[in-house]
Amino acid sequence: MWDYAEANRITTLEAVMAEECIFCHRHLLRIPSQKFVAGEKTLLAQVSICQACGWWSVYRVHQGEYQQTAGFAESYSATIGSLKELDLTDISTPLAEVRQYLLAKENSMFDAHPQLFENVVASVFSGLGWNARVTAYSGDDGIDIVLDGPDDKTIGVQVKRYRRERRIEAEQIRSFAGALLLNGHTKGVFVATSPFRKGAQNTARKYADFGYPIELIDAEKLLDALGIAQISSSKIGKKQIASYFLRTGVHVGTGLHREFSPGEDIRLRSVILQTFARGDFIEEED
Ligand SMILES: [Zn+2]
């Protein structure tokens, strides 16, 4: 899901050297630098990757003679992945990509297809260890996802994908509580992309006092949970990354600098930012 479409906007050295993801601001995982030696040439490469949204950057140090850097003892090059547009109104968009995309571009959740959004929310619960089932998409009885709890108890989840301005009212909590009761759920979770009004929060608290807990999850909490679920489910094969990002980059810095063309396959190219420098002086190339 990462390509060069927005490359110009983020090709800065800061982005490459950043310790935090420039999209979702989570801490980047740094894979220990790898060293490749080919004859007189040495390539040192450092990969940083965001385990939540999947953004990555590669920073390389080339030592030895290269065509374009003749005269320099070392040259530096870097590669960063940038965000590709995803169509979230398309229900068939792969869930794994949708999750990464939402983390990288949180405002896009308001435009997501409602059913796709329910699937994403269900996948977050699954990622957190629940057995989550999306209920059949027929009519709206108020329960969109069912979570299986211990002792055959079930938790009903309602998902509301609203614009930020459209706050959740107390009445919606009351009708959700009714749906929970009718369907035999012992607990409820109300997930909304818009904030809960004070009255809605008070209503949920009252149900909790009666022993009928309804948890309220707004956009911020949902994104936090999504990030946690992503990181715990992300399997980063350090060896795979080394061969994927680093080996394709071994040729980098030998002088070829091709323009990016839209739609180009990311796996066939690895350079969008190249800097050549002596010592600490690093200059960005146009
Ligand atoms: Zn990120």
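Residues numbered from 1 in each chain as written. Predicted model: local features only at pLDDT ≥ 70, side-chain atom pairs only at ≥ 80, totals over all residues.

*Asks:* Requested: an account of the overall build of the protein chain, with residues and values cited.
*Replies:* Along the backbone of the protein chain there are eight helices and 12 strands. The burial tally for the protein chain puts 35% of its 286 residues in the buried class. Within the protein chain, residue pairs in contact and separated by at least 24 positions form 62% of the contacts whose partners lie at least 6 positions apart. (Helix = DSSP H or I, 4+ residues; strand = E, 2+ residues; numbered from the N terminus. Buried ≥ 20, exposed ≤ 12 C-beta atoms within 10 Å, placed from the backbone. Contact = placed C-beta atoms within 7 Å.)

*Asks:* Hey, could you go over the confidence of the model for the protein chain for me, with residue numbers and the actual values?
*Replies:* Across the protein chain, pLDDT averages 75, with 66% of residues at or above 70. When mean pLDDT is compared element by element in the protein chain, strand S11 (residues 214-217) scores highest at 97, while strand S12 (residues 273-275) scores lowest at 36. Overall, residues 2-11 carries pLDDT values under 50, and its contacts beyond four positions in sequence, including any with other chains, amount to 30 contacts. Below a pLDDT of 50 lies the segment residues 264-286, which in the model reaches 46 contacts outside its immediate sequence neighbourhood of four places, other chains included. (pLDDT = per-residue confidence, 0-100.)

*Asks:* Lay out helix H4 (residues 114-127) in plain terms, naming residues and giving numbers.
*Replies:* Over its 14 residues, H4 runs 20 Å from end to end, which matches the ideal 20 Å to within 8%, given 1.5 Å per residue. Residues Phe-117, Glu-118, Asn-119, Val-120, Val-121, Ala-122, Ser-123, Val-124 and Phe-125 constitute the buried set of H4. Buried residues along H4 sit against helix H3 (95-104), strand S7 (131-134), strand S8 (145-148), strand S9 (154-160), strand S10 (187-192) and helix H7 (219-233). A positive backbone phi angle near 105 degrees is found at Gly-129, which sits one or two residues after H4. (Expected span 1.5 Å × (residues − 1).)

*Asks:* I'd like a description of the pairing of S11, backed by residues and values.
*Replies:* Two faces make up the sheet, and in a regular strand the side chains alternate between them. Alignment of S10 against S11, held across four bridges, turns out to be parallel. Of the residues in S11, the one forming a bridge with Val-191 is Ile-217. (Pairing = 2+ DSSP bridges.)

*Asks:* Tell me about helix H6 (residues 198-209), and please be specific about residues and values.
*Replies:* Relative to the 16 Å expected for 12 residues at 1.5 Å per residue, H6 spans 17 Å between its end C-alpha atoms, a close match to the ideal helical length. Residues of H6 that are buried include every one of Ala-200, Thr-203 and Ala-204, and no others. One face of H6 carries all of its buried residues, which in axial projection span an arc of 100 degrees. Facing away from the buried side of H6 by more than 90 degrees, the exposed set consists of Lys-198, Asn-202 and Asp-209. (Arc of directions from axis to C-beta.)

*Asks:* Provide a residue-level description of the sheet that holds S7, including the pertinent values.
*Replies:* The strands making up a sheet are joined through hydrogen bonds of the backbone, oriented either antiparallel or parallel. Reading across the sheet, the five strands line up as S7-S8-S9-S10-S11 and stay open at both edges, with mixed pairing between neighbours. Here the strands that pair on one side only, and so sit at the sheet edges, are S7 and S11. Sheet twist, expressed as the average angle between the axes of neighbouring strands with direction ignored, equals 20 degrees. In the sheet, S9 pairs with S10 via six bridges, with the strands oriented parallel. By the bridge assignment for S10, Val-157 is matched with Val-189. Contacting S7, S8, S9 and S10, H4 crosses the sheet at an angle of about 170 degrees to S7. (Axes fitted to C-alpha atoms, helices over the stretch in contact; angles between N-to-C directions.)

*Asks:* Can you tell me about the nonpolar core, naming the residues and giving the values?
*Replies:* If you look at the biggest cluster of nonpolar residues, it comprises 54 residues, and the most contacted ones within it are Cys-53, Val-121 and Ile-145. Element by element, the count of residues in this core is highest for H4, at six residues. Here this core gathers at least three residues from each of two domains, domain 1 (2-85 + 235-275) and domain 2 (98-232). Ignoring any residue separated from it by four or fewer positions in sequence, one finds Ile-145 in contact with Glu-118, Val-121, Ala-122, Phe-125, Ala-132, Arg-133, Val-134, Thr-135, Val-157 and Val-159. (Core = buried A, V, L, I, M, F, W, Y, C linked by C-beta atoms within 7 Å. Domains from an automatic or database assignment.)

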